[in-house]
Amino acid sequence: EQKNSTMRDWLDLSDQYYLASLDKSQGGAGIPVVWGTDAVHGHNNVIGATLFPHNIGLGAAKDTDLMKRIGEITAREVSVTGIDWVFAPTVAVVKDNRWGRTYEGYSSKMPIIKAYAGEIVKGLQGEPGELRTNQQRVIATAKHFIGDGATYRGIDQGDTKMSLDELLKQHGAGYYESIDAGVQTVMASFNSWNGLKLHGHKFLLTDVLKGQMGFDGFVVSDWNGHGQVEGCTNKSCYQAINAGIDMVMAPQDWKALLKDTISKVKSGDIPMSRIDDAVTRILRVKLRAGLFEKGLPSSREVAGNTALI
């Protein structure tokens, strides 16, 4: 609603979220919040920040070193505003130009995605271990898992129809490379795979991503993506959590969703082991990102430094 917010406005809001998360007066645990932003081609929501070409243009450059430098610059400018997490890179392999979001993908060619993904993650997060100590690095997100660029007839949020071998061979390389580079979060996709929504797909989210691919960070949903799962609404979706969603992006109905989720745990519809796993993954990422040590966003190394924006 406040499109003209200044860098200082963003930093002030980061402080407010951080302080609220540490407040235990109403029963909170006092664990630092992690706030994410769609910095998908630079810190594109902030006035005055560096804007880079859309991904389709960057893919045409065929320059992996440039991708890493763009990641570094984006991380630095995001850090100026006190935010710790970005929803990038998009590693979709675009297979149908009728898809209205083709510009979000780097290429229709898997080798380009494969070459770019790890470099962008390293630019954003740094080398392994650097995320915790370097205050100019941010948590990266590989998205949207999986097959968003290959839906039938290019229909947005549609159905990707292919075998598992084809899916991983044609669309998995960006995730394998991101995971090897240490990516800490993966965002689930709005699309379906052979008729079943990804947000409710336990086989892909848990067995394949977390098991076969070895991802040990956390899976975040897309904007109200859980509400598209069969039998769910934006206010109620234990199915998505059981499928492997660790953090739910519920912008309007989070209070109702939280209340419903707690009731589903008490009723046994969501096993406590699933909650323990999700919480462990989220805490693991926060520890790796140094959120328990970095302190108030405005007190950090480059916070508020307008010369870097």
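All values reported here derive from a predicted model rather than from experimental measurement.

Quick notes on the rules
Residues numbered from 1 in each chain as written. Predicted model: local features only at pLDDT ≥ 70, side-chain atom pairs only at ≥ 80, totals over all residues. Heavy atoms only, no water. Helix = DSSP H or I, 4+ residues; strand = E, 2+ residues; numbered from the N terminus. Rg over C-alpha atoms; globule rule 2.2 N^0.38 Å. Contact = heavy atoms within 4.5 Å. Areas by Shrake-Rupley, 256 points an atom, 1.4 Å probe, with all protein chains shown as cover. Axes fitted to C-alpha atoms, helices over the stretch in contact; angles between N-to-C directions. Parallel < 35°, antiparallel > 145°, perpendicular 65-115°, else oblique. Left-handed = near helix turned anticlockwise from the far one by under 90°. Nonpolar A, V, L, I, M, F, W, Y, C, P; charged D, E, K, R; others polar. Salt bridge = Lys/Arg side-chain N within 4 Å of Asp/Glu carboxyl O. Buried < 20%, exposed > 50% of the residue type's maximum accessible area, 1.4 Å probe, protein only. Disulfide = S-S within 2.5 Å. Pairing = 2+ DSSP bridges. Patch = residues over 30% accessible without salt bridge, like charges linked within 9 Å, V, L, I, M, F, W, Y side chains within 5 Å. Core = buried A, V, L, I, M, F, W, Y, C linked by side-chain atoms within 4.5 Å. Phe/Tyr/Trp six-rings, centres within 6.5 Å; stacked < 30°, edge-to-face > 60°. Lys NZ or Arg CZ within 6 Å of the ring centre and 35° of its normal. Arc of directions from axis to C-beta.

(A) Local environment of the overall build of the chain. The helix and strand inventory of the chain stands at 11 helices and eight strands. In terms of overall size, the chain behaves like a compact globule, its C-alpha atoms giving a radius of gyration of 19 Å where 309 residues would be expected to give roughly 19 Å. C-alpha extents for the chain along the principal axes are approximately 55 × 50 × 35 Å. Long-range contacts, defined as pairs at least 24 residues apart, comprise 74% of the intrachain contacts of the chain with a sequence gap of at least 6. Taken as a whole, the chain presents about 13800 Å² of accessible surface, with 52% of it coming from carbon and sulfur.

(B) Summary view of the side chain of threonine 90. Mapped onto the fold, threonine 90 is located in the loop between strand 2 (85-86) and helix 4 (110-125). Residue contacts for threonine 90: discarding those within four places in its chain leaves Asn55, Glu104, Tyr106, Lys143 and His144.

(C) Structural context of the packing of helix 6 (residues 164-171) against helix 8 (residues 202-212). One way to put it is that helix 6 packs onto helix 8 with a least axis distance of 14 Å and a crossing angle of 60°. Taken together, the axis directions place helix 6 and helix 8 in an arrangement best described as oblique. When the axes of helix 6 and helix 8 are compared, the crossing they make is right-handed. Where helix 6 approaches helix 8, its residues Leu164, Leu167 and Leu168 are matched on the opposing element by Phe203, Leu204, Val208 and Gln212. Taken together, the residues of the contact of helix 6 with helix 8 sort by class into six nonpolar, one polar and no charged.

(D) Here's a closer look at the pattern of salt bridges. According to the stated counting rule, one finds 17 salt bridges in the structure shown. Notably, a salt bridge pairs lysine 264 with aspartate 260, separated by 2.9 Å at the nearest N-O pair. A residue pair is termed a helical-turn pair when its members lie 3 or 4 positions apart in one helix, as lysine 264 and aspartate 260 do in helix 10 (residues 254-267) at four residues. Pair check on accessibility: lysine 264 and aspartate 260 agree, each one buried. A network of salt bridges, in which partner residues are shared, links Lys210, Asp246, Arg274, Asp277 and Arg281.

(E) Seen up close, the state of the cysteines. According to the stated counting rule, one finds one disulfide in the structure shown. A sulfur-sulfur separation of 2.2 Å characterises the disulfide bridge that pairs cysteine 232 with cysteine 237. Negative torsions about the S-S bond denote left-handed disulfides, and the value of about 65° found for cysteine 232 with cysteine 237 makes this one right-handed.

(F) How the structure looks around the sheet that holds strand 3 (residues 141-145). Sheet architecture is open: three strands sit in the order 3-5-8, paired in parallel fashion. Strands with a single pairing partner mark the edges of an open sheet, and in this sheet they are strand 3 and strand 8 (218-220). When strand polarity is set aside, the average angle formed by the axes of neighbouring strands in this sheet is 30°. Relative to strand 8, strand 5 (residues 185-188) runs parallel, the two being bridged by three bridges. Among the inter-strand pairings, valine 186 is bridged to a residue of strand 8, identified as valine 219.

(G) Here's a closer look at a nonpolar patch on the surface. Residues Ile31, Leu287 and Phe292 make up a contiguous nonpolar surface patch of roughly 230 Å² in combined accessible area. Along the polypeptide, leucine 287 turns up in helix 11 (residues 272-288). For leucine 287, a relative accessible area of 37% puts it in the partly exposed group.

(H) Geometry of the nonpolar core. Formed by 54 residues in total, the largest nonpolar core has its most connected members in Phe145, Ile146, Tyr175, Leu204 and Leu209. Residue assignment for this core shows that the elements contributing at least two residues are helix 3 (64-80), helix 4, strand 3, helix 6, helix 7 (173-180), strand 5, helix 8 and helix 9 (238-243). The element that contributes the greatest number of residues to this core is helix 4, accounting for seven residues. With residues up to four places along the chain from it excluded, the contact list for isoleucine 146 reads Leu167, Leu168, His171, Gly172, Tyr175, Ser189, Asn191, Leu198 and Leu204. Counting residues in each nonpolar core, the second largest holds 14 residues, with Ile139, Val220, Ala289 and Leu291 among its members.

(I) Focus on the packing of aromatic side chains. Following the criterion strictly, the structure yields seven aromatic pairs and no others. Plain terms: the ring middles of tyrosine 17 and tryptophan 35 are 4.9 Å apart, the flat faces sit at 85° to each other, and that makes the pair edge-to-face. Here the residue tyrosine 17 occupies a position in helix 1 (residues 7-22), and tryptophan 35 occupies one in the loop between helix 1 and strand 1 (36-37), the gap between them amounting to 18 residues. Among the aromatic residues, those joined into a ring-pair cluster are Trp10, Tyr17 and Trp35. In this structure, lysine 161 is placed above the aromatic ring of tyrosine 152, and the distance from its NZ or CZ to the ring centre is 4.3 Å.

(J) Looking closely at the environment of phenylalanine 87. Following the sequence through the fold, phenylalanine 87 ends up in the loop between strand 2 and helix 4. For phenylalanine 87, a relative accessible area of 9% puts it in the buried group. Through-space distance from the C-alpha of phenylalanine 87 to that of alanine 142 is 7.4 Å; in sequence the pair is 55 residues apart.

(K) Fine view of helix 6. Listed in full, the buried residues belonging to helix 6 are Leu167, Leu168 and His171. Summarising the axial view, the buried residues of helix 6 lie within an arc of 100°, below the 170-degree limit, and thus occupy one face. Opposite the packed face of helix 6, turned more than 90 degrees from it, sit the exposed residues Asp165 and Lys169. Looking at the packing, one finds that the buried side of helix 6 touches strand 4 (159-160), helix 7, strand 6 (192-193) and helix 8.

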